[in-house]
Structures are given as C-alpha cells and as structure tokens.
Amino acid sequence: MSDVESVKGKNEGSGHVLPTDFANEDERRLAELGHVQQLHRQYSLFSLIGFAVVSTNSWAAVSGTLAFGIYDGGLPSIIWGFFAITPIGVCLGLSIAELASAYPVSGGAYHWASVVAGPKYGPALSFITAWLNQFSWILGVAGICATLGQETMALANLINGNVVVNHLHIFAAFQCWNFVCAFGGTLFNKALPYLNTGGVYFSILSCFVIAISCLAKSETKLSAQEVFVTWENESGFSSAPLAFFIGLLNTAYGYTSLDTAVHVAEEVPNAASALPKAIMATVGSKLILGFVTCFFFLISVFFSIQDYDGVLNTSTGFPLAEIFRQACGSKGGIALMVIYTISNVFALPDTQVAASRLIWTVARDGGTPFSRFFSHVDPFTGIPVNAQVFVWLAATALGALYLGSATAFNALIGSCLILSQFCCSMPIMANLLQRRKNFERGPFSLGPVLGFTANIVSVIYIYVSTVFWCFPYDEPVTVEGMNYTAVIISGAALFSVIGWYAVGRHTWRAPGYSASLEREMKIVKGQ
C-alpha cells in the first residue's frame, strides 16, 4: 500500500473530513503526489538557496577541474567555453525549475519522468532514471571527496616541498573528508541551513580575496593575447574544434547538479514556490555571480601565471595550487590554498545529504534492495540515517578503487556529470514527446514558447555533449589515456534495465499524481 493510500484509508476509516488531516498545503500537496510528510521542513528560502548555490559553487567547480580545459585548448578554451555553456545552463535550469514547481518532491527527475511519460511508459522510465540518478549522486560525492583529497595533499606539498603527492596520500585524505562530513552532517543536521547561509558569504568573499591577491602579488602578467587568444592544445587531437568541445567538460562542471535543491523538497516550507526560486537563484548566481566571481576569478589567476609549463607539470598535482604559489609565493600560496579548500568543504555535506535523500525516496517507492531498511527515518535525528550511512560506505568503496586504478576512478567520477544531465533529460524529453500536455503546471510555469525553447535546447545540449565527453582524453589513444566513460554509462544503463525486468516491475511503486485524491479535495471544497 502506498503512503497516499494509507492517508486516504485513514481518512475514510476515521470519518474525518479529508483536509483536516493535513497540517498545511505542503502536506496536502505531498499526499497528492503519493507520500506522507516524514521529514522536518527546516530550510528557509534563503538557506535553501544557500544549499543549492554552495553545492554547485561555480568558480570553485570550474577552477578545480582546470586540467580538462588546460590540455584541450588552454586558457582561451576555458574562458570562451564559460560563455558558451552559460546560456545553455540557463535553459536547463528553467526546465528543471518548471518541473520542480509542478511536482515538489524529493525524488526529482525520476518522479517527474513517471508522471509526464504516462502510465504506459512512466513506471519503467522512472525506475531506470531513479537508478541512474543514484549512481550519479554517489559518484558526485566521491568526486568531491577526491577533489578535497587532491587539494589537501597539494596544500601539504606547498607547506613542505619534500612531500610527494601519491595515490595513497590522496586516498587517506579522501576518506577523512568523507567520514567527517558524513557523520557531521548526520549528527548536526539541524545546523546545515545555517552552514549553507554562511557558506554563500564565505564563497563570495574567498573568491575575491584569492583573485585580488593573485593580481596584486604576481610579479609579471600574461598578455591578453596569451589569456584570450593563444591556443594551447596538449591533447594531441589535430582538430581544434574537437579539442574545444571535449574541453567544455571543465566549464560544464559550473552548471552541474542544478537539481540539488530538489532532493530536499520535503524539508522546505511552501516547496512548490520555494524550489523554482532556489533553482533559478542558482542559475542566477551563475549568470550574475558566475560572471562576477567565476569569470573574474579565472581572468585574475590566468593573468597571474608566471610559468605555464610549471602549471602543467606541477609537483602539487593540482594546477591551481601551483598558480597560487607562482603568484603569491610559498606563504601566500599556502594561505590562498587554505581559503580555497575551505570554500569547497561546504559542498560535501550538502551533496551527501542530496544523495541520501534520493536513495531514501527511491527506497520509499520500492526501488532498492532492502527498501524498508533504507526508507526508514530515524526518530532521534529525524532524517534517513541508513541511507546517509550507505552513501558514506559507497563513497568509501569508490575511494578504494583509486588505489587500484586512478584511470578507472577518474572515468567513474567523469561519468557523474553526464549521468546527472542524462537523468534530467529523461523527464524533459518525455515532456517534449507529450508536447508538454501531460504534466500539471505549478506556480512557476514557462508557457508554451519559452517552455519548448528551453526544453529543446536542454536535450540537444545534453545528448550532443555526451558524445563529445566520451571521446578519449588524448591522441594517440593509450590504455592510460583511454576514456572509459562510455563503458561506465552503458553498464549503468544496462544494469538499470536488467534491474527493471528482473525485480523493478514487480516491486516498483511508480510515483505519480493522485488525481483521485485531488477529486476528493475538490468535492470537500464544494468545487
């Protein structure tokens, strides 16, 4: 029996009037979507915006993955790639915000896919989307842990040049950050809204402190020609456009996980209105703050480079750390690296929370093994602790893979962005195929013209970029330089399809809009 059936049964058996069983509009709307309220709605609109902005911190995300862009076109590739990606990211954000407003539930993409695809294709599509989305979020957690591990060891190298950065050291730092943030976020969950609010201010302040420091302290500056024009293609591909499109993966990380806020939808008052505001605030922060912070940051650090080859072959293992050292010296580089690392730490507990809430909702709909266990909400903390611990353990296991093969691990982490975007494309494409007629409009609606435009641009971008980002990293292709992303994505998709036919079609309670409950509500209201 689904949650909404339990709610309806409770009403029918008790003889109470239906609306009195709901404390507020959020509970009523959640019941329409098939579930009862279990989590505390602790996020204000601003703290929700903080949750979304901090976890998708544009300037930190782009600067933390500079290696992709530097090798595939150099500095101009990153600068102009940011301009190319931004309008597309806006279209994707608009598409997600519209669906989130219509269906404000923590399941996000898989819930939307179930509803807009209709009863014939919705169950299978939503199950497959749910599993792919779980993969992407767990990979996202591991990716942030790995980045923090690299930053930590780069900092150690800046402090002591005799420290040799290796896989074992990064693995140890990876596991420390994973453990501290997972259990800190579990035990101090009520503090996360305040942490997110502070994280927004710290991120903006740290961006300007680092950028201005690099510009002020660097002895010489690169020319505008070198920053904006000079092409440095180290990938080996003879085609400059191909290298550019492959390198766009770097700037695309600035627009990853736009649906982060969706996964705490059941912890936000007035979610139908708050979610699209938070998502569009995230997109807006990338349009306004993105150009003020990310663009200013990139320009500042790029002009501050003293030795381009030294950045490519740095002993820190982290190009940005080498730029800090070149621009501000040893002590200044250490200070900037500390600030930069702290600004990235804010994203990890939020990503772990989003991943755990997704697993919890999938389990609630009967889509995971041991669904009853993973859908349990701990009465002491008021959150799905079992799902949170599973996210920690899954990321821990992925971290162990880094010791065996950094190439395989990097391929897994690189698949995170593609899987995340692909999951978002599922309900958007289904909505287009249904000519945008098969979903309930929420308070935030794009209308026919803007809606079709944003949806079409989003799906074209996602499917075309997926092809380019599955290309090998280097030419000629070697085992070490091979990109196994296509294998990983295909394997995850095949696993999800097999899971549907083997188990899912028997246990999956496809989420959807409860039209019957809505009719009951209208009858009670005399409509």
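Per chain, residues are indexed from 1 in the order of the written sequence. Two thresholds apply to this predicted model, a pLDDT of at least 70 for residue-level local features and 80 or more for giving and counting side-chain atom pairs, whereas whole-chain, interface and lining totals are computed over all residues. Side-chain numbers here rest on the full set of heavy atoms in the structure, without hydrogens or water.

(A) Structural context of the overall build of the protein chain. Within the protein chain, the regular secondary structure consists of 21 helices and two strands. The cut-offs for exposure are 20% and 50% of the maximum accessible area for each residue type, with area from a 1.4 Å probe on protein chains only; residues under the lower value are buried, those over the upper are exposed, and the others partly exposed. The burial tally for the protein chain puts 58% of its 527 residues in the buried class. Two residues qualify as a contact provided that any one of their heavy atoms is within 4.5 Å of a heavy atom in the partner residue. For the protein chain, contacts bridging at least 24 residues in sequence account for 82% of all contacts bridging at least 6. A run of DSSP states H or I qualifies as a helix once it reaches four residues; a run of E qualifies as a strand once it reaches two. Both are numbered from the N-terminal end.

(B) Looking closely at the packing of aromatic side chains. Geometry of aromatic contacts follows a simple scheme: Phe, Tyr and Trp rings, the Trp one being its six-membered ring, pair when their centres are within 6.5 Å, and the pair is stacked under 30 degrees between planes, edge-to-face over 60, tilted otherwise. Summed over the entire model, instances satisfying the criterion amount to 23 aromatic pairs. An angle of 40° between the planes, with centres 4.7 Å apart, marks the rings of Phe179 and Phe183 as tilted. Remark: Phe183 and Phe179 occur in helix H8 (residues 167-187); sequence separation between them is four residues, near one turn of the helix. Among the residues examined, Phe179 registers a relative accessible area of 42% and is labelled partly exposed. According to the relative accessible area criterion, Phe183 is partly exposed, its value standing at 29%. Here the aromatic rings of Phe422 and Tyr463 are separated by 5.9 Å at their centres, their planes lie at 65°, and the arrangement is edge-to-face. Placement of Phe422 in helix H18 (residues 406-433) and of Tyr463 in helix H19 (residues 448-468) is noted, with a sequence separation of 41 residues between them. Among the residues examined, Phe422 registers a relative accessible area of 26% and is labelled partly exposed. Taken together, the aromatic side chains of Tyr110, Phe127, Trp131, Phe135, Phe495, Trp500 and Trp508 make up a single cluster linked through ring pairs.

(C) Geometry of the pattern of salt bridges. Every case where a carboxyl oxygen of Asp or Glu lies within 4 Å of a side-chain nitrogen of Lys or Arg is listed as a salt bridge. For the structure on display, the rule yields two salt bridges. One salt bridge in this structure joins Glu322 and Arg325, with 2.8 Å as the shortest N-O distance. Taken together, the residues span about one helical turn, with Glu322 and Arg325 both in helix H14 (residues 319-345) at a distance of three residues.

(D) Fine view of H14. Take the number of residues in a helix, subtract one, and multiply by 1.5 Å to get its expected span. An ideal rise of 1.5 Å per residue puts 39 Å on 27 residues; H14 reaches only 19 Å between its terminal C-alpha atoms. By definition, a residue's bend is the angle between the axes fitted to the seven residues ending there and the seven starting there. A maximum bend of about 130° is found in H14 at Gly329.

(E) Summary view of a nonpolar patch on the surface. A contiguous nonpolar patch, built from Ile456, Ile460 and Val464 and spanning about 250 Å² of accessible area, is present on the exposed surface. Residue Ile456 is classed as partly exposed on the basis of its relative accessible area, which comes to 39%. Note on patches: the residues involved have over 30% relative accessible area and no salt bridge, like charges join within 9 Å, and the nonpolar side chains Val, Leu, Ile, Met, Phe, Trp and Tyr join within 5 Å. Only the protein chains shown count as covering a residue, and every accessible area follows the Shrake-Rupley method with a 1.4 Å probe.

(F) Representation of the nonpolar core in the model. One finds Trp112 and Trp469 to be the most contacted residues of the largest nonpolar core, which totals 90 residues. At 21 residues, helix H7 (residues 109-159) tops the list of elements feeding residues into this core. Residue contacts for Trp112: discarding those within four places in its chain leaves Ile96, Leu99, Ala100, Tyr103, Val262 and Pro427. Val227, Val301, Tyr308 and Ile323 belong to the second largest nonpolar core, which has 39 residues in total. By convention a nonpolar core is built from buried Ala, Val, Leu, Ile, Met, Phe, Trp, Tyr and Cys residues, the set being connected through side-chain atoms within 4.5 Å.

(G) Structural context of the side chain of Ser136. With respect to the secondary-structure elements, Ser136 resides in helix H7. From its side chain, Ser136 meets the backbone oxygen of Asn133 in a polar contact 2.8 Å long. Contact partners of Ser136, with chain neighbours within four places excluded, come to Cys416, Leu419 and Ser420. Whenever two N or O atoms come within 3.5 Å, that pair is a polar contact, provided that in protein one can donate a hydrogen and the other can accept it, and provided that, for residues adjacent in sequence, both atoms are side-chain atoms.

(H) Quick look at the side chain of Gln326. Looking at the secondary structure, you find Gln326 in helix H14. Here Gln306 takes part through its backbone nitrogen, which lies 2.9 Å from a polar atom of the side chain of Gln326. With residues up to four places along the chain from it excluded, the contact list for Gln326 reads Ile305, Gln306, Asp307, Gly310 and Val311.

(I) Representation of the packing of helix H9 (residues 192-217) against H14 within the structure. For helices, the fitted axis covers only the stretch in contact; all axes are lines through C-alpha atoms, and the angles between them, taken along N-to-C directions, range from 0 to 180 degrees. Packing of H9 against H14 leaves a shortest axis separation of 10 Å and a crossing angle of 175°. Taken together, the axes of H9 and H14 lie roughly antiparallel to each other. Facing Phe202, Ser206, Val209, Ile210, Ser213, Cys214 and Lys217 of H9, the residues of H14 in contact are Phe324, Ala327, Cys328, Leu336, Ile339, Tyr340, Ile342 and Ser343. Any angle that is under 35 degrees is reported as roughly parallel, and any over 145 degrees as roughly antiparallel; angles of 65 to 115 degrees are reported as roughly perpendicular and all others as oblique.

(J) Structural context of unusual backbone geometry. With a phi angle near 55°, Arg435 is a residue other than glycine that sits in the positive phi range. Locating Arg435 in the fold gives a position in the loop between H18 and H19. Judged by relative accessible area, which is 57%, Arg435 ranks as exposed.

(K) Expanded view of the confidence of the model for the protein chain. A residue's pLDDT is the confidence the predictor assigns to it, expressed on a 0 to 100 scale. For the protein chain, the average pLDDT comes to 80, and 83% of its residues sit at 70 or higher. For the protein chain, helix H21 (residues 515-524) is the element with the lowest average pLDDT, namely 37, and H14 is the one with the highest, namely 92. In the model, residues 1-20 has pLDDT below 50 throughout and makes 29 contacts with residues more than four positions away in sequence or in other chains.

(L) Quick look at the environment of Phe188. Within the secondary structure layout, Phe188 lies in the loop between H8 and H9. Placed 193 residues apart in sequence, Phe188 and Thr381 show a C-alpha to C-alpha distance of 8.6 Å.

(M) Structural detail: the environment of Ile144. Residue placement: Ile144 occurs in helix H7. Non-local contacts of Ile144, meaning those with residues more than four positions away in its chain, are made with Ala347, Leu348 and Thr351.

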